[in-house]
Amino acid sequence: MAVKISPLTPAIGAIIEGISLSDPLPDAQLKAIREALLEHQVIFFTSQAITPRQQHAFAKRFGDLHIHPIYANLGPELEEVMVLDSDGDHPPDNDIWHTDVSFIKTPPLGTILATKELPPSGGDTLWSSGIAAFEALSKPMQAFLLELKAEHNFLKSFSKPRYHYEVKSDPKAMWEEAVRKNPPVVHPVVRTHPETQRKALFVNKGHTTRIVNLSKAESDAVLEFLFAHAARPEFTMRWRWQVGDVGFWDNRVTQHYGVADYLPHRRLMHRVTILGDKPY
Ligand SMILES: O=C(O)CCC(=O)C(=O)O
Ligand SMILES: [Fe+2]
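Source: prediction; values computed, not measured. (Residues numbered from 1 in each chain as written. Chains lettered and ligands numbered in written order. Predicted model: local features only at pLDDT ≥ 70, side-chain atom pairs only at ≥ 80, totals over all residues. Heavy atoms only, no water.)

Looking only at helices and strands, the protein chain features seven helices and 16 strands. Counting only C-alpha atoms, the protein chain reaches 50 × 45 × 35 Å along its principal axes. Burial statistics for the protein chain: of 280 residues in total, 52% are counted as buried. Partitioning the intrachain contacts of the protein chain with sequence separation of at least 6 by distance along the chain shows that 82% fall at a separation of at least 24. For the protein chain, the exposed area adds up to about 12,600 Å²; of that, 54% sits on carbon and sulfur atoms. Across the protein chain, the 31 positively charged side chains and the 33 negatively charged ones have centroids separated by 4 Å. (Helix = DSSP H or I, 4+ residues; strand = E, 2+ residues; numbered from the N terminus. Buried < 20%, exposed > 50% of the residue type's maximum accessible area, 1.4 Å probe, protein only. Contact = heavy atoms within 4.5 Å. Areas by Shrake-Rupley, 256 points an atom, 1.4 Å probe, with all protein chains shown as cover. Lys, Arg positive; Asp, Glu negative; His and termini not counted. Charge placed at Lys NZ, Arg CZ, Asp CG, Glu CD.)

Here's what the structure looks like:
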C-alpha cells in the first residue's frame, strides 16, 4: 500500500496512512515518515496494534532514546517506554504548553505517543508550530528575538516529588537526584532546525524561566507575549485520540498541551522519547 499523507492544518499536523508500525519498516517508509515529520511537525498513525517493544523498536530507528528522570516507565527491560497513567487520584501534569525535556542540553528530537486507554470523552492533545509562530512575527521582532537566550529549568515543571512515582522507588530520593542531575540550561530563544534550517520559536511555559539577556521585568513581559503568541489557534492543531492512534512529533520545533478535562476517568498512554542535539 502506498503511503498517503493528509495535512490537518496549513501550519501543523498530518495523518499518515499505509504504514503498519508493528511490522519491520522498509527504508522507503522510514524515509516517508522522516519527510512527513519534517514538513508537518506532528504526524498521526491510526489503528495501530503496537506493543511497547514495537514502539521502542520503531523509535530506535530515529536515534537513541531518553529515560525520563522521574516519570514512571515499563522498566527494567523497557525503561525507555514511559507510562502516562492518569485518573482522578493521579491527575496529569502536562496540561500546560511545553516542549518535552527542554531542560537538558540536548532536548529530544521527537516523541512518540501511543494510545492505550481513553476516557469516554475528552483527553485531546494540542500542538503548536514554533516555525509558524516565528514566521508570523514582524521582522524587527524576529531580529530582536534572534539575539536572545533563555534558561530552561527542570524545577519549573517538577517542583516537588509526585505521589504516583512510587511505582519506581522512593519518589523523594528519585526527585532529589533528578534535581541534582538537571541544573538549569540555556538555549537560544529561536532555534534553527538542524535538518531543514527553518527557524522556530523555542521557549515554552512548562520549562522556560527567563531570558538571560534581559532584565527580569523585560524577560517576564517578553515571555508572557511569546507564550500567548505560540498558543494562537492559527499555529496549532488539536487531536482527538482513538485507541490505536500513535502520534509522532518533532520536539525541536513544536510544543504541546494535554487537555486535562476527563478526570476522574482513566487515560493511559505510552511515550518513547528520542534524544536530539544541542539547539543553535
Ligand atoms: O497526554 C498528553 O496528551 C500529552 C502528553 C505529553 O505531554 C507527552 O507525552 O509528552
Ligand atoms: Fe509532553
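Here the narrative resumes, following the displayed structure.
In the vicinity of ligand 1, the contacting residues are Leu 84, Asn 94, His 98, Asp 100, Leu 113, Thr 125, Trp 249, His 256, Gly 258, Arg 267 and Arg 271. At 2.5 Å from an oxygen atom of ligand 1 is found a side-chain nitrogen or oxygen belonging to Thr 125. Within the contact set of ligand 1, an oxygen atom lies 2.7 Å away from a side-chain nitrogen or oxygen of Arg 271. Within the complex, 99% of the 290 Å² of free accessible area of ligand 1 lies under protein. Where the shell around ligand 1 is concerned, the elements lending two or more residues are strand S15 (254-258) and strand S16 (267-274). Of the residues contributing to the shell around ligand 1, the split by class is three nonpolar, five polar and three charged. (Near = heavy atom within 4 Å. Polar contact = N/O pair within 3.5 Å; in protein donor to acceptor, adjacent residues only side chain to side chain. Nonpolar A, V, L, I, M, F, W, Y, C, P; charged D, E, K, R; others polar.)

In total, this model carries 14 aromatic pairs according to the counting rule given. A centroid spacing of 4.0 Å and a plane angle of 10° characterise the contact between Phe 44 and Trp 239, whose relative ring orientation is stacked. Note that Phe 44 is positioned in strand S3 (residues 42-45) and Trp 239 in strand S13 (residues 236-239), a separation of 195 residues in sequence. Here the two residues Phe 44 and Trp 239 agree in accessibility, since each one is buried. Ring geometry for Phe 58 and Phe 62: centres 5.3 Å apart, planes at 85°, overall edge-to-face. Across this residue pair, the class does not change: Phe 58 and Phe 62 are buried. Ring pairing ties together the aromatic residues Phe 44, Trp 127, Trp 239, Trp 241 and Trp 249, which thus form one cluster. (Phe/Tyr/Trp six-rings, centres within 6.5 Å; stacked < 30°, edge-to-face > 60°.)

Another point: the environment of Thr 196. Counting through the fold element by element, Thr 196 comes out in the loop between strand S10 (190-192) and strand S11 (199-201). Here Thr 196 falls in the partly exposed class, since its relative accessible area comes to 27%. Sequence separation between Thr 196 and Glu 39 is 157 residues, and the spatial gap between their C-alpha atoms is 8.9 Å.

With that settled, the discussion passes to the side chain of Asn 73. Mapped onto the secondary structure, Asn 73 falls in strand S4 (residues 73-74). A relative accessible area of 18% means that Asn 73 is categorised as buried. Here Gly 75 takes part through its backbone nitrogen, which lies 2.7 Å from a polar atom of the side chain of Asn 73. A polar contact of 3.4 Å, which involves the side chain of Asn 73, links it to the backbone oxygen of Glu 79.

What follows covers the pattern of salt bridges. Applying the stated criterion across every chain, the model contains 17 salt bridges. With a shortest N-O distance of 3.5 Å, Asp 100 and Arg 271 are connected by a salt bridge. Residue Asp 100 is found in the loop between strand S5 (78-86) and strand S6 (110-117), and its partner Arg 271 is found in strand S16; the two are separated by 171 residues along the sequence. Assessed through its relative accessible area of 6%, Arg 271 is described here as buried. As a salt-bridge pair, Arg 198 and Glu 135 come within 3.4 Å of each other at their nearest N and O atoms. Here Arg 198, found in the loop between S10 and S11, pairs with Glu 135, found in helix H3 (residues 130-135); they are 63 residues apart in sequence, far enough to count as distant. We classify Glu 135 as partly exposed; its relative accessible area is 46%. (Salt bridge = Lys/Arg side-chain N within 4 Å of Asp/Glu carboxyl O.)

To continue, consider the nonpolar core. Grouped together as the largest cluster of nonpolar side chains are 42 residues, with contacts concentrated most on Trp 127, Leu 145, Val 189, Val 203 and Ile 211. Looking at this core element by element, the count peaks at five residues for helix H7 (residues 216-230). Ile 33, Phe 45, Val 246 and Phe 248 belong to the second largest nonpolar core, which has 25 residues in total. (Core = buried A, V, L, I, M, F, W, Y, C linked by side-chain atoms within 4.5 Å.)

So, about the pairing of S6. Counting buried positions along S6 gives six out of eight residues, so the element sits mostly inside the fold. One ladder, built from five bridges, connects S6 with strand S14 (residues 246-250); its direction is antiparallel. Across the sheet, Leu 113 pairs through a bridge with Gly 247, a residue of S14. Of the strand pairs in this sheet, S6 and S16 are connected by seven bridges, and their pairing is antiparallel. Note on S16: the bridge partner recorded for Ala 114 is His 270. (Pairing = 2+ DSSP bridges.)

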